[in-house]
Amino acid sequence: MKSLKASTNLTKTIIYVVCIFLAILSVFPFLVMFINSTRSTFQIQQDSVSLLPSTFLKSNWAVFKGKSFNPVVGFVNSMLSSGGATLCAVYFSSLTAYALVAYSWKLRQPFFSFILAVLMIPAQVTGIGFYQFMYRIGWTNSLLPLIFPAIASPSMVFFMRQYLMATLSLDIVNSARIDGAGEFYTFNRIILPIMKPAMATQAIFTFVFSWNNLFIPLILLTNSEKYTMPIMVSLLRGDIYKTEYGAVYLGLSLTVLPLFVVYFLLSKYIIAGVALGALKE
Amino acid sequence: MRNKGVNYAKYGYIFSIPFVLTFLIFSLYPTIFTAVIGFTDLRGMGRTDFKFLEQPFDNFILILNNPTFIKSLGNTALIWTMNFIPQILLSLLLTAWFTTRRYKVRGQGLFKVLLYMPNIITAATIAILFNSLFGYPKGPVNDLFIRFGLLDAPANFHMQEWTARGVVAFIQFWMWYGNSMIVLIAGVLGIDPTLFEAAEIDGATSTQIFFKITLPRLKTILLYVLITSMIGGLQMFDIPRLFLWGGPDSATLTSSLFIYNQAFSGSYLYNRASAASMIMFLIIVILSVALFHLMRDKDEAKFRKAEKLRIRNAKKQGALV
């Protein structure tokens, strides 16, 4: 019994050492990034890892802004497109899930099977056709093609349906009908509030996924006034910043900062959402 | 009662219309269009007119005989494997540690939050950040490795094929193992706890419990993680593109990046890119079919159960009325 306890203690020590090492591994790259954004290029070249911030944040900002590069435009565009896509996805996925759960119609089961079947169709392998289509209708350099396709989000419909199956009692729907509520009114006023927790989780994931998306914006947007944040980021890899290490780290920090704020405010819900099987996208 | 259900059935269709229309316009049509372009001569920036090739499969034959495309397929498979094997092993190990009651690991919530964190950061940012971190001759990783005696002289990670692939695989691993771990832990928490209690009473060690009870019951979830990771891996784009633009010497050129380069740079070969896309699409469809069967079996059983319950409730209500 004693040896079992000793070996348990040894294992526990190993567990904590490994977990702390992994936690440092997660944080360290971002720490280096934030600290180096306050250091001069010369300091970074002398010693690229420092645990102490320096005083060059302002001059890095000046270099960064000087390159005709406007992160505010990227931020606003990303906010608009991710916000729009999230609203579309959450509202219409809930509506579709409600159709699948609350009504018995002939094509219900086939439609659900269909949604499962197209769950994983990736935007990338159909990108050429999507680009050609958008080009023809003049939707390149517009945020609309980043927003409207979100109305059909199969993985979210799947998730919302699971949630509704577990929580919705049709008695509520029936009593609303007896009170004379129309079907659409019932959905908007009674069902949507019930779905709030699921909608919040899914909204976070859609927003972050849409915010981080690079491929589709990259093929559609060529006008720098329409650039989203990830495209702005990719410019930091270009020649204009080749030797301005401090400015590059500052640019990267600016794109990470809003995500950090969102993540640490909502991490509880995000982790719970992943555990519930939020699908990889 | 039954009549009422029939009356309301039309709302099932009405409420599905936005989804179906959007899917047809923005998903199905582009998919078919991509397939069609694969059989045409469509190339050149800004061109929209095309005609079908006399030899319909020319683009496909050219792509399949293109050594760069073959190399990109190999790279995708290599990088995915180099990321997935350590990823699944580490997440299983962490899952075992976090769910074994004997260890009572404290701070699990914080560890989960920190280990999952890289997953939500923009991949484009991470690729550029790692490009700087692995800088040569001076860069944080080189500096640290030399300081801790792991390297004698700075290594040029960006210029050697295997280190470049290794770093891309490491980034993927680093971004995704936290996600796999959380999914697997949720899977373990879904296992009937009396099974573990019974095994403990019978004197099974935690290793035995993990291999004889936990692992067999995680099979479906492990398969789910495997397939979704493969489908995700086939689309690897942001990181290889922004880390080294697919270099050095195409060592980190993935299939998605190859397709992008064909269509949106150089001579704008939309037709060849479409043919390559369709080959990738086929591979993804095969994987998706496997995933579909995995999800459907579990789900249909649930669906039938719920349906039965609903009919029973409806009958009860009918009786009351």
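How each quantity is defined
Residue numbers here run from 1 along each chain, matching the order of that chain's written sequence. Both sets of labels track the order of writing: A upward for chains, 1 upward for ligands. In keeping with the model being predicted, local features are shown solely for residues with a pLDDT of at least 70 and side-chain atom pairs are shown and tallied solely at 80 or more, while totals for entire chains, interfaces and linings include all residues. Only hydrogens and water are set aside; all other atoms, that is, all heavy atoms of the structure, feed into the side-chain values. Here a strand is any run of E in DSSP of at least two residues, a helix any run of H or I of at least four, and the numbering for each starts at the N terminus. A radius of gyration in this sense is built from C-alpha atoms; the matching globule rule multiplies 2.2 Å by the number of residues raised to 0.38. Only protein chains enter the accessibility calculation, which uses a 1.4 Å probe; a residue whose area is less than 20% of its type maximum is buried, one above 50% is exposed, and one in between is partly exposed. Contacts are residue-level and defined by heavy atoms, with any inter-residue pair within 4.5 Å sufficient. All accessible areas in this document rest on Shrake-Rupley with a 1.4 Å probe, and a residue is counted as covered only by the protein chains that are shown. When charges are counted, neither His nor the chain ends are considered; positive counts come from Lys and Arg and negative counts from Asp and Glu. Lysine's charge is taken at NZ, arginine's at CZ, aspartate's at CG and glutamate's at CD. Multiplying 1.5 Å by the helix residue count minus one yields the expected span of that helix. As used here, the arc is the angular range of directions from the helix axis to the C-beta atoms. Summed over both partners, the accessible area lost on bringing two parts together, with a 1.4 Å probe, is the buried area. The salt bridge definition used is simple: a Lys or Arg side-chain nitrogen within 4 Å of an Asp or Glu carboxyl oxygen. Among buried residues, the Ala, Val, Leu, Ile, Met, Phe, Trp, Tyr and Cys ones that are joined through side-chain atoms within 4.5 Å form a nonpolar core. Working definition: a ring pair exists when centres of Phe, Tyr or Trp rings (six-membered ring for Trp) sit within 6.5 Å. Plane angles under 30 degrees give stacked, over 60 give edge-to-face, the rest tilted. We count a charge as sitting over a ring when the NZ of a lysine or the CZ of an arginine lies within 6 Å of the ring centre and within 35 degrees of the ring normal. Axes here refer to lines fitted to C-alpha atoms; in helices the fit is confined to the stretch in contact. Angles between the N-to-C directions go from 0 to 180 degrees. When describing relative orientation, an angle under 35 degrees is termed roughly parallel and one over 145 degrees roughly antiparallel, while 65 to 115 degrees is termed roughly perpendicular and anything else oblique. Each residue gets one label: Ala, Val, Leu, Ile, Met, Phe, Trp, Tyr, Cys and Pro are nonpolar, Asp, Glu, Lys and Arg are charged, and the others, such as Gly, are polar.

## A look at the overall build of chain A
- The number of helices and strands found in chain A is 14 helices and 0 strands.
- The order of helices and strands in chain A, counted from the N terminus, is α-α-α-α-α-α-α-α-α-α-α-α-α-α.
- Taken against the 2.2 N^0.38 rule, which gives 19 Å for 281 residues, the C-alpha radius of gyration of chain A at 24 Å runs more than 25% over that of a compact globule.
- By its C-alpha atoms, chain A is 75 × 75 × 35 Å across when sized along the principal axes.
- In chain A, which comprises 281 residues, the share counted as buried stands at 54%.
- Contacts in chain A between residues far apart in sequence, at least 24 positions, make up 73% of those at least 6 positions apart.
- Taken as a whole, chain A presents about 12300 Å² of accessible surface, with 68% of it coming from carbon and sulfur.
- Placing the 19 positive and 8 negative side-chain charges of chain A at their respective mean positions leaves the two points 7 Å apart.

## Considerations on the overall build of chain B
- Assigned secondary structure in chain B consists of 13 helices and 0 strands.
- Start at the N end of chain B and walk to the C end: the helices and strands fall as α-α-α-α-α-α-α-α-α-α-α-α-α.
- Expected size for 321 residues packed as a compact globule is a radius of gyration near 20 Å; at 26 Å, chain B overshoots this value by more than 25%.
- Taken along its principal axes, the extent of the C-alpha atoms in chain B is 75 × 60 × 30 Å.
- By residue count, 51% of the 321 residues in chain B fall in the buried class.
- Total accessible area on chain B is roughly 15400 Å²; 65% of this is exposed by carbon and sulfur atoms.
- Charged side chains in chain B number 30 positive and 17 negative. The centres of these two groups are separated by 12 Å.

## Regarding helix H10 (residues 183–194) of chain A
All names here are of chain A.
- In a regular helix each residue adds 1.5 Å, so 12 residues correspond to 16 Å; H10 covers 15 Å between its end C-alpha atoms and thus fits that length.
- Among all positions of H10, only Glu183, Thr186, Phe187, Ile191 and Leu192 are buried. All buried residues of H10 project into a common sector of 155° when viewed along the axis, lining one side.

## Overview of the interface of chain A and chain B
- Each partner contributes residues to the interface: chain A has 112 residues there, and chain B has 108 residues.
- For the chain A and chain B pair, buried surface summed over both sides reaches about 9800 Å², with 74% attributable to carbon and sulfur atoms.
- In this assembly, chain A and chain B are joined by 1 salt bridge.
- Salt-bridge contacts for Asp47 of chain A lead to Arg147 of chain B; the nearest nitrogen and oxygen are separated by 3.3 Å.

## Observations concerning the pattern of salt bridges
Residue and element names in this part refer to chain B.
- Summed over all chains, the structure comprises 8 salt bridges over all chains.
- For Asp49, the salt bridge goes to Arg47, with nearest N and O atoms at 3.4 Å.
- Several salt bridges converge on common partners, so that one network encompasses Lys71, Glu161 and Arg165.

## What to know about the nonpolar core
- Counting 186 residues, the largest nonpolar core has Phe30, Tyr98 and Leu220 of chain A together with Leu94 and Tyr116 of chain B as the members making the most contacts within it.
- Setting aside residues no more than four positions away along its own chain, Leu94 of chain B makes contact with Cys19 and Leu22 of chain A together with Leu115, Tyr177 and Met181 of chain B.

## Some details on the side chain of Thr125 of chain B
- Tracing the backbone shows Thr125 of chain B in helix H5 (residues 123–133).
- Given the relative accessible area of 1%, Thr125 of chain B is considered buried.
- When near neighbours in sequence (up to four residues on either side) are disregarded, Thr125 of chain B contacts Val233, Leu252, Thr255 and Val256 of chain A.

## Some details on the packing of aromatic side chains
- In the structure shown here, the tally under the stated rule is 54 aromatic pairs over all chains.
- With centroids separated by 5.2 Å and ring planes inclined at 20°, the aromatic side chains of Phe173 of chain B and Tyr177 of chain B adopt a geometry described as stacked. Of the two residues, Phe173 of chain B and Tyr177 of chain B are both situated in helix H7 (residues 161–189); the distance of 4 residues between them amounts to about one turn of the helix.
- With relative accessibility at 11%, the residue Phe173 of chain B sits in the buried group.
- Directly above the aromatic system of Tyr8 of chain B lies the positively charged group of Arg177 of chain A, at a separation of 3.5 Å from the ring centroid.

## Notes on the packing of helix H4 (residues 71–102) of chain A against H10 of chain A
All names here are of chain A.
- It is at 12 Å that the axes of H4 and H10 come closest, and there the two elements cross at 110°. Judged by the inter-axis angle, H4 sits roughly perpendicular to H10. Contacts between H4 and H10 involve Tyr91, Ser94, Leu95 and Tyr98 on the former and, on the latter, Phe184, Thr186, Phe187, Asn188, Ile191 and Leu192.
- Of the residues in the contact of H4 with H10, the class split is 7 nonpolar, 3 polar and no charged.

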